[in-house]
Amino acid sequence: MSIMKKILTTSAIASIILGASAASANTLKFAFQGDAQSLDPHGLNETFTLGFLSNVYEGLTMLDKDLKVIPGLATSWEVTSPTSIVFKLRPGVKFHNGNTFNADDVIFSWKRSLSEGSDQKVRGAMVKNIVKVDDLTIEVQTEGPQPLMPSEWAWIFIMDKEWSEANGAGNAANVKEENANGYTLNHANGTGPFEIVSRQPDVKTVFKRSSNHWNTIDSNITDIIFTPVKQAATRTAALISGELDMVYPIPVQDWKRLDSETGVSAIRGPEARTIFLGMDQSRDELLYSNIKGKNPLKDLRVRKAMAHALNLDLIKKKIMRGASTPTGLMIAPQVNGFNADYNTPYKYDPALSKQLLTEAGYADGFEITIDCPNNRYVNDEKICQAAASMMAKVGIKMKVLAQPKSKYFGKVLAQNNYDTSMYLLGWTPGSMDVHNVLLGLLSCQNKETKAGLFNLGNFCNQRVDELQKMVGVETDPGKRQAYIDEAMQIIKDQVAYLPLHQQPLSWGVSDKFSVNQRADNAFDFRYVSKTQ
Amino acid sequence: MFSFLVKRLLQSIVVLIAVALIAFSLFKFVGDPINNMVGQDTTLDEREALRERLGLNDPFHIQFYHFISNAAVGDFGISYRHKVPVSDLIAERAPATLELSIISALLSVIIGIPMGVYTAIHRSGFISRSFMGLSLVGISLPTFLIGILFIFLFGVILRWLPTFGRGEVVAIGWWTTGLLTWSGIKSLILPSITLALFQMTLIMRLVRTEMLEVLCTDYIKFARARGLKENAVNFGHALKNTLIPVITIIGLQLGLVMAFAIITETVFQWPGMGMLFIQSIEEVDVPVMAAYLMMISLIFVGINLLVDILYAYVDPRLTIDGGAKHG
């Protein structure tokens, strides 16, 4: 960037910031612990960044406040053959710059989602080709049946083709190419209810209500100022002092403090993220254990013993301050495919655990190391320590190796050859559909088909694999649920994982505002209002 | 003088390369940058392709060579997280840190020196004793805790001052300043005092000790014997001679203030270089980490070099060819 250009942009930002402060109306100031990675809608497939951008950009479909898929930029869609879906696009939609939305923008955005710097290639690749039928009709062609494509595409945000090309942003912003396509990092032009006024990464992003949004939304907010605040104590202080109206996350140990203050409340609810322990069930000898020559976790009795040794209610009471939801399933109630009949956790029964261990030949227990992140999930390290002390009661000596998330993920994930014997992980299916979990966590690892990529312990059951494929293409809801239930029963009987709980969401909100806490922890401005 | 300079410069370059080497070899312990650059659903092949493109699969010495040869011409690459050139990022954040550090340094001098003089002259007065007591707090309490205490006292309980951020800033060319708006000045108060506290107490104690020493010397006794006014003796004669070592320390401490700013910036969400560095560690943004460390070491080396040269000028007794031992 030349000096001259920099002078122009910085002074422009300053004048906008100064100008914005003069405006009155209903302004919301909020903070999160970090910033959106960039404003590029295809740059990072991560909850906060996508949730942040969903206020500015929209997809063909959208998620409503209860995470149900609703029409977005498409008014309707119809499966016309096993390999094609026809979308009717919404007429009269304008981008923030005034351009009209049409089929070309969808095709452009799809191609862009497959470009080098995009992190949305998996969703983009669900589609083989898009044919423009007319300006407001497209036919999406797929390799095989893709019933999940419409819901997954809630996260493929549609960009304006003309605007993107005019600003050299035909491809997703790419870390290797200097400034060649950096425009979308700090500029946005979507169809959403809010537009970006200014942005300084890590410092401040200013939104204002778009005047030409196609939809009427519940919110009465006109301006939104976002500032990332890293330190939890500073965040809480800024909320109490009234400098911020909404901050998240609030550490669970600060709830009491917020409750004792007037004018602010801690809003908590169940997140759709399931926290669970995984076990290496594929190696013939565990990497981190004192048992040599065999893998105790391959023995169903040992896995059962572990399941019955965990006291989920105690974890809920002592570590999660009563705010977690103990679970028996690998998916949360908000996820499509959830069936409450299968959600009963394994019974806490240490005597049974000991008996099972004795039967399996481990009467004296064994040693194992559990990998654990310490800054990724709510109280993650404490959960591992609690699990370790519960295991100790039945004779299993569990050592906790807790590390920051970058170290932890660098160790246990596929690129490091799943270097773990046991681990704690949390998962929210981005699509809010069970298939994502069946494919990523419960299918056998398969490098070709990319199945089981996050099945770190390689739980592998042929029938579950078959069911996963059937669930992926079945369009009849009744049959589909039957396949899901069968898979869930096998997973439960085989103790594929040790599900712990859905962790709580924790937002601090001023009493002057009402918000909708969505279970995927995305902050949707459409449902925020100033009430006082 | 010329050979002295050349020698010093060469030494400085060796130090910089050593810092780069140590910093660079530490980065592999921070974690895998790829995980923070992609979402959970990204496939293994894509991750591997990204790794290859970033040159993370190259052997260590190749990566280091690339880094050094680019850094030598001022190119620190592109931030993994922000996807913009690191030098732009640092230029954008530098004003916030510099403003904070300079104000803090000024505060510590303006408050620290008079306090030191006062406590030296009135050695056993009540006020002196309270100053000394307070200075112990300033030296022993960690910056993090002081910052949080300030926030809760002045931000939450009294609600006088903002708890975080820089307030409104005004751009003058590429520089942004918070000194021209009321909210910017209010935002600067807590972080600058937090950051200044340690240096302030250090300077105060240093001035006091030096001053006490000077006050016992013969020429002060002589000045008093000449019947000079107490103020003239204290400030005209004693203080002047006290300040020589103090100035040296202040110069060296300026670098430390900037380095210490990391913690203060994190507590107050101050959008400076320290904050950038901390976030980069968390996200394993190697190019930013490397550039920041290089910059800080460059500042330290630069200040040291400057002090050495000044010494050689000020004190002709120091032989220029190798006899000088200081800094």
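Residues numbered from 1 in each chain as written. Chains lettered and ligands numbered in written order. Predicted model: local features only at pLDDT ≥ 70, side-chain atom pairs only at ≥ 80, totals over all residues.

Novice: Residues and numbers for the overall build of chain B, please.
Specialist: Counting its secondary structure elements, chain B contains 12 helices and 2 strands. Its helices and strands in sequence order give chain B the pattern α-α-α-α-α-α-α-β-β-α-α-α-α-α, from N to C terminus. C-alpha atoms of chain B, sized along the principal axes, occupy 85 × 60 × 35 Å. In chain B, buried positions account for 37% of the 327 residues. (Helix = DSSP H or I, 4+ residues; strand = E, 2+ residues; numbered from the N terminus. Buried ≥ 20, exposed ≤ 12 C-beta atoms within 10 Å, placed from the backbone.)

Novice: Requested: an account of the overall build of chain A, with residues and values cited.
Specialist: In terms of helices and strands, chain A carries 17 helices and 19 strands. Radius of gyration (C-alpha) of chain A: 24 Å, near the 24 Å computed for a compact globule of 532 residues. Dimensions of chain A, computed from C-alpha atoms along their principal axes, come out at roughly 70 × 60 × 45 Å. Counting over 532 residues, chain A shows a buried share of 51%. Considering only residue pairs separated by 6 or more positions, chain A has 69% of its internal contacts joining residues 24 or more positions apart. (Rg over C-alpha atoms; globule rule 2.2 N^0.38 Å. Contact = placed C-beta atoms within 7 Å.)

Novice: So, the sheet that holds strand 5 (residues 84-89) of chain A: which residues are in play, and what are the values?
Specialist: Residue and element names in this part refer to chain A. With respect to topology, 4 strands assemble into an open sheet ordered 4-5-7-6, the strand pairing being antiparallel. One side of each edge strand has no neighbouring strand; the edge strands of this open sheet are strand 4 (74-81) and strand 6 (129-134). Across this sheet, the average inter-strand angle for adjacent strands is 20°, counted without regard to direction. Across 5 bridges, the pairing between strand 6 and strand 7 (residues 137-141) is antiparallel. Bridging from a neighbouring strand, Ile 130 pairs with Val 140 of strand 7. Sheet strands in contact with helix 3 (residues 103-113) are strand 5, strand 6 and strand 7, and its direction is about 175° off that of strand 6. (Pairing = 2+ DSSP bridges. Axes fitted to C-alpha atoms, helices over the stretch in contact; angles between N-to-C directions.)

Novice: Which residues make up the environment of Ile291(A), and what values do they have?
Specialist: Residues and elements named next belong to chain A. If you trace the backbone, Ile 291 turns up in the loop between strand 12 (264-279) and helix 10 (300-309). Using a count of 17 C-beta atoms within 10 Å as the deciding quantity, one classes Ile 291 as partly exposed. Excluding anything up to four places from it in sequence, Ile 291 contacts Leu 286, Pro 296 and Phe 366.

Novice: Explain the nonpolar core residue by residue, including any values.
Specialist: Among the nonpolar cores identified, the biggest contains 201 residues, and Val247(A), Ile370(A), Ala387(A) and Leu424(A) are the most heavily contacted of them. The greatest single-element share of this core, amounting to 13 residues, is contributed by helix 8 (residues 182-215) of chain B. (Core = buried A, V, L, I, M, F, W, Y, C linked by C-beta atoms within 7 Å.)

Novice: I'd like a description of helix 5 (residues 86-121) of chain B, backed by residues and values.
Specialist: In this model helix 5 of chain B runs 50 Å from its N-terminal to its C-terminal C-alpha over 36 residues, within 8% of the 52 Å that 1.5 Å per residue would give. Along helix 5 of chain B, the helix axis deviates most sharply at Arg93(B), where the bend reaches about 35°; the proline Pro95(B) sits within four residues downstream. (Expected span 1.5 Å × (residues − 1). Bend = angle between axes of the 7 residues up to and from the residue.)

Novice: Tell me about the environment of Met159(A), and please be specific about residues and values.
Specialist: Residue and element names in this part refer to chain A. Note on placement: Met 159 falls in the loop between helix 5 (149-152) and helix 6 (161-166). Along the backbone, Met 159 and Asp 40 are 119 residues apart, and their C-alpha atoms lie at a distance of 9.8 Å. Discounting chain neighbours no more than four positions away, the residues touching Met 159 are Pro 41, Asp 105, Phe 108, Ser 109, Arg 112 and Ser 164.

Novice: Outline the interface of chain B and chain A, supporting the account with residue identities and numerical values.
Specialist: Residue-level contacts link 49 residues of chain B with 50 residues of chain A. Those elements that place two or more of their residues in the side of chain B that touches chain A are helix 2 (33-37), helix 3 (44-53), helix 7 (143-157), strand 1 (170-172) and helix 10 (230-268) of chain B. It is helix 7 of chain B that provides the largest number of residues to the side of chain B that touches chain A, a total of 5 residues. A breakdown of the residues in the side of chain B that touches chain A according to their chemical character gives 23 nonpolar, 16 polar and 10 charged. (Nonpolar A, V, L, I, M, F, W, Y, C, P; charged D, E, K, R; others polar.)

Novice: Provide a residue-level description of the environment of Phe131(B), including the pertinent values.
Specialist: Residue and element names in this part refer to chain B. Position of Phe 131 among the secondary structure elements: in helix 6 (residues 126-140). Note: C-alpha distance between Phe 131 and Met 204 (73 residues apart in sequence) is 9.1 Å. What Phe 131 contacts, discounting residues up to four positions off in sequence, is Met 115 and Thr 119.

Novice: For the packing of helix 7 of chain B against helix 10 of chain B, give the residues involved together with the corresponding values.
Specialist: Residue and element names in this part refer to chain B. Across the interface, helix 7 lies against helix 10 with an axial gap of 9 Å and an inter-helix angle of 30°. Relative to helix 10, helix 7 is oriented roughly parallel. Crossing hand, helix 7 versus helix 10: right-handed. From helix 7, Thr 143, Phe 144, Gly 147 and Ile 148 reach across to helix 10, where they touch Phe 260, Ile 263, Thr 264, Val 267 and Phe 268. Along the lines of polarity and charge, the residues of the contact of helix 7 with helix 10 split into 6 nonpolar, 3 polar and no charged. (Parallel < 35°, antiparallel > 145°, perpendicular 65-115°, else oblique. Left-handed = near helix turned anticlockwise from the far one by under 90°.)

Novice: So what's going on with the pairing of strand 4 of chain A? Residues and values would help.
Specialist: Residue and element names in this part refer to chain A. One ladder, built from 6 bridges, connects strand 4 with strand 5; its direction is antiparallel. Looking at strand 5, one finds that Val 79 is bridged to Ile 85. Linking strand 4 back to strand 5 in an antiparallel pair, the connection comprises 2 residues.

Novice: I'd like a rundown of the packing of helix 8 (residues 232-240) of chain A against helix 7 of chain B, residues and numbers included.
Specialist: With their axes 10 Å apart at the nearest point, helix 8 of chain A and helix 7 of chain B run at an angle of 5° to one another. Taken together, helix 8 of chain A and helix 7 of chain B sit at an angle that is classed as roughly parallel. Residues Ala233(A), Thr234(A), Ala237(A) and Ile240(A) of helix 8 of chain A touch helix 7 of chain B, and the partners they reach there are Ile148(B), Ile151(B), Phe152(B), Gly155(B) and Val156(B). Each residue belonging to the contact of helix 8 of chain A with helix 7 of chain B can be placed in one class, and the counts come to 7 nonpolar, 2 polar and no charged.

Novice: How would you explain the pairing of strand 12 of chain A if you had to name every residue and give the values?
Specialist: Residue and element names in this part refer to chain A. Two strands pair when backbone bridges link them, and strand 12 and strand 17 (residues 497-510) are joined in this way by 12 bridges, in the antiparallel orientation. Residue pairing in the sheet places Ala 266 in a bridge with Gly 508 of strand 17. With 6 bridges joining them, strand 12 and strand 16 (residues 422-427) adopt antiparallel strand pairing. In the strand pairing of strand 16, Gly 278 is matched with Tyr 423.

Novice: Can you break down the confidence of the model for chain B residue by residue, with the values?
Specialist: Residue and element names in this part refer to chain B. Considering every residue of chain B, the mean pLDDT works out to 85; 95% of them sit at 70 or more. With pLDDT under 50 throughout, residues 322-327 is counted as low confidence; its partners more than four residues away or in other chains account for 11 contacts. Across the whole predicted complex the pTM is 0.83, and at the interface the ipTM reaches 0.81. (pLDDT = per-residue confidence, 0-100.)

Novice: Before we move on, can you summarise the confidence of the model for chain A with the specific residues and values?
Specialist: Confidence in the prediction of chain A, expressed as mean pLDDT, is 90, and 94% of residues score 70 or more. Note that residues 1-24 of chain A has pLDDT below 50 and, in this model, 27 contacts with residues that lie over four places away or in other chains.

Novice: Give me unusual backbone geometry: which residues, what numbers.
Specialist: Omega for the peptide link from Tyr248(A) to Pro249(A) comes to -5°, which places this bond in the cis form. Positive phi outside glycine occurs at Arg321(A), with the angle close to 50°. The topology assignment puts Arg321(A) in the loop between helix 11 (312-319) and strand 13 (325-326). With a phi angle near 60°, Lys83(B) is a residue other than glycine that sits in the positive phi range. Within the secondary structure layout, Lys83(B) lies in the loop between helix 4 (60-72) and helix 5. A residue is classified by how many C-beta atoms lie within 10 Å of it, and Lys83(B), with 25 of them, is buried.

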